[in-house]
Structure formats: structure tokens, C-alpha cells
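For reference, the chains in residue letters:
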Amino acid sequence: MSVLVLLLAVSAACCVGFGFVLQQNVAQKAPLGDFLSFRLLLDLMRVPRWLGGIALMVAGMALGAVALGKGEISLVEPLLATNLLFALALSRHQTRQPLGRQGWTGLALLAGGVTAFIVAGEPRGGSAVADPVRHWLIIGAMLGVAMVLTTYAKRSRLSWGPVLLATAAGLLYGVQDALTRVSGTRFAEGGFAELFTGWQPYGVLALGVTGLVLVQSAFETAELRMSLPALTAAQPLAGILCGVGFLGDRLHTDTGALAWEAAGLAAIVGGIVLLGLHPAMPCGAETEPTRDLQAR
């Protein structure tokens, strides 16, 4: 594994994790009437703290894009999942909560899962699948699942809604990462002329904006511990599926390697859930009919 890719991916995770905490600090004060509306973004844009969180997230996405351009998506995505560690660190600073057994167990599971998956799978590049039907089947399936989750989230926005929205956003971000890698390849081959003649960069933008609305709506209606674990777990799984499905990423597929890869992914998800449910994660969602966004 390239040290540069490691540093880029972990730096991206740091920026994204910090950015999510700052965004949720503000989004929890947004009017509930803006739920799943682009008006929500317009309201949040008036708050400097939220803009700072977005700036950190954009910086993280840029670093992640560079990492994706230099390494396989099946390698980068598990590293990006460590954004939850940095979110927990900032939240712990805000809440003054000790890690305790739950926090340390979650850290061990997440770190061990990432290590096990990468060591067992040894992600490496290969030839991307040229058949567009396969691309659209995989992308369409994940977009379809995200749409179904969003539909159900509208009906239960104050119960399971935030989890469903965050999962849907994670799927979109996983597809966005895959399209970011394709866009980087097109740019490397022919510059801006080659890049903007394809649909992928426009797909990256559309998925980014849509995912942002979903994430902020999840942050608006529940504490971070309900939304961030689902978001952090869904994104790498979707990205790895795209990487192996049509980007040409290859993993070891012998019985022992597959067992360790599955165990690693399970540990990553388990660690994410434990960390997300940790008391250090802020739980400041409000249920009052009106909320003062300007207070932030």
C-alpha cells in the first residue's frame, strides 16, 4: 500500500469527520419545515459554522479524490470510513465524555477491520469493465435502493428517518466516489476536454448535492449518533461494490481471504455502530415546533 495514498485517505477522513460534526451542530437548529428541501441548504448557508463544516468536507472530498486517483477504490474506501474516529474525537472534546470500554472496543473493531480487509484482500487495480450495461445495473441498483430508503424516511422522519436518510446518502456518496475515480482517469487521459465530454463529472455534482440534502435532513432531525454510523458504513460498502463491479479492482478470492475480508467488513460496520452510539457523540436534536437557526 502506498504511503501517499494512506496519508491522503486518512487526511480526507479527518477533514470529513470534523466537517460532519460542525454541520450537525448547526443543522439540528434548522426549521423542520425544510426537511428534504433545498431550502434547508439555503438556510444553513447563512451560518458561518456550517460553512466551515462544508469547507472541511469539500477539502476532505478533494483529498479523497486525489487518493482515489492514485489507489484502488477498494483500498481507499475503508480508510475513508475512519472519518468516524475524527468525528468522535471532536465530539468527545465538546462533550468531555471519556471513551470507556465501548469507545475503545469500537476503535479496535474499526481499526482491526480496516487492517484485516486490506491485508487479506490486497486490493489492486485491473482493467475496468467496458460494458455500460454493467455500470448502469450496479449504479441503478444503488440509486434505486437510495430512493426507496428516502421514500420511507419521509414517513418516519422523527423515528427511523435519519438512519434511512443517512444510509441513502452513504450509497450515493459511494457511487460518487466511483464516478470521481472515472472522472480522474478521463482527465488524466485527455484533460478538461475529455473530462467534460463525459457524463461522470456531472453525475458527481448531482450526487454530491443530493447527498448533502439527505445528510443535512438527517442531521436536522436526530442526533449525530443516529445518522453518522449508517452514513459511514454505507459509503465504503457501496464504493467497494462499484470498484469490484465495474472499475476493475481485484481482491483475493480464495476461501481464507474471503473469510477475512468478510470478517473485516463486519468488524468495520460493528466498530462504526459502537462508536456512533458512544455517549461522546452529541445528541442535540430538538423536537420543538420552531427552532432558531441563527442561534448558531
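Computed from a predicted model, the values in this text were never measured in an experiment.

The rules we used
- Residues numbered from 1 in each chain as written.
- Predicted model: local features only at pLDDT ≥ 70, side-chain atom pairs only at ≥ 80, totals over all residues.
- Heavy atoms only, no water.
- Helix = DSSP H or I, 4+ residues; strand = E, 2+ residues; numbered from the N terminus.
- Domains from an automatic or database assignment.
- Contact = heavy atoms within 4.5 Å.
- Buried area = accessible area lost by both parts, 1.4 Å probe.
- Salt bridge = Lys/Arg side-chain N within 4 Å of Asp/Glu carboxyl O.
- Polar contact = N/O pair within 3.5 Å; in protein donor to acceptor, adjacent residues only side chain to side chain.
- Nonpolar A, V, L, I, M, F, W, Y, C, P; charged D, E, K, R; others polar.
- Patch = residues over 30% accessible without salt bridge, like charges linked within 9 Å, V, L, I, M, F, W, Y side chains within 5 Å.
- Areas by Shrake-Rupley, 256 points an atom, 1.4 Å probe, with all protein chains shown as cover.
- Expected span 1.5 Å × (residues − 1).
- Buried < 20%, exposed > 50% of the residue type's maximum accessible area, 1.4 Å probe, protein only.
- 1 Å grid on protein atoms, 1.4 Å probe; cavity = no way out; pocket = protein on both sides within 12 Å on 5 of 7 lines; lining within 4 Å.
- Points joined across faces, edges and corners; volume = space filled by probe spheres on them.

### Comments concerning the environment of Val26
Inference 1: With respect to the helices and strands, the residue Val26 is situated in helix α1 (residues 3-27).
Inference 2: The sequence separation of Val26 and Trp50 amounts to 24 residues, and the corresponding C-alpha distance is 6.0 Å.

### Section: the domain arrangement of the chain
Inference 1: Per the domain assignment, the segments making up the chain are domain 1 (1-97) and domain 2 (127-249).
Inference 2: When each unit is reduced to the centre of its C-alpha atoms, the spacing between domain 1 and domain 2 is 15 Å.
Inference 3: In this assembly, 35 residues from domain 1 lie in contact with 35 residues from domain 2.
Inference 4: Interface of domain 1 and domain 2: buried area, both sides summed, is about 2800 Å²; carbon and sulfur atoms make up 73% of it.
Inference 5: Of all residues in domain 1, the largest losses of buried area upon contact with domain 2 belong to Phe35, Leu36 and Ile73, amounting jointly to 24% of the total for that side.
Inference 6: Our enumeration of links across domain 1 and domain 2 arrives at zero salt bridges.
Inference 7: Between domain 1 and domain 2 we count five residue pairs in polar contact (both at pLDDT 80 or more) in total.
Inference 8: Put simply, the parts of the chain that give the side of domain 1 that touches domain 2 at least two residues each are α1, α2 (38-44), α3 (48-70), α4 (73-80) and α5 (83-95).
Inference 9: With six residues, the single largest contributor to the side of domain 1 that touches domain 2 is α3.
Inference 10: Tallied by class, the residues present in the side of domain 1 that touches domain 2 amount to 24 nonpolar, eight polar and three charged.

### Description of a nonpolar patch on the surface
Inference 1: A surface patch of nonpolar side chains, amounting to about 450 Å² of accessible area, comprises Phe187, Phe192, Phe196 and Tyr202.
Inference 2: It is helix α8 (residues 161-196) that provides the largest number of residues to the nonpolar patch, a total of three residues.
Inference 3: Positionally, Tyr202 belongs in helix α9 (residues 200-221).

### So, helix α10 (residues 224-245)
Inference 1: Look at α10: 31 Å from first C-alpha to last across 22 residues, which is about the 32 Å you get at 1.5 Å a residue.
Inference 2: Burial within α10 is extensive, with 18 of its 22 residues counted as buried.

### Comments concerning the side chain of Ser227
Inference 1: Structurally, the position occupied by Ser227 is in helix α10.
Inference 2: If we skip the residues at most four places from it in the chain, Ser227 touches Pro162, Ala166, Ala218 and Phe219.

### Considerations on α1
Inference 1: An ideal rise of 1.5 Å per residue puts 36 Å on 25 residues; α1 measures up with 36 Å between its terminal C-alpha atoms.
Inference 2: The N-terminus of α1 is capped by Ser2, whose side-chain oxygen sits 3.2 Å from the backbone nitrogen of Leu4.

### A closer look at empty space enclosed by the protein
Unfilled space is identified by rolling a water-sized probe across the atoms.
Inference 1: For the structure shown, the criterion picks out one cavity of 30 Å³ or more.
Inference 2: Lining the largest cavity, in full, are Pro78, Ala233, Pro236, Leu237, Ile240, Leu265, Ile268 and Val269.
Inference 3: At the level of secondary structure, the elements contributing two or more residues to the lining of the largest cavity comprise α10 and α11 (255-276).
Inference 4: Taken together, the residues of the lining of the largest cavity break down into eight nonpolar, no polar and no charged.

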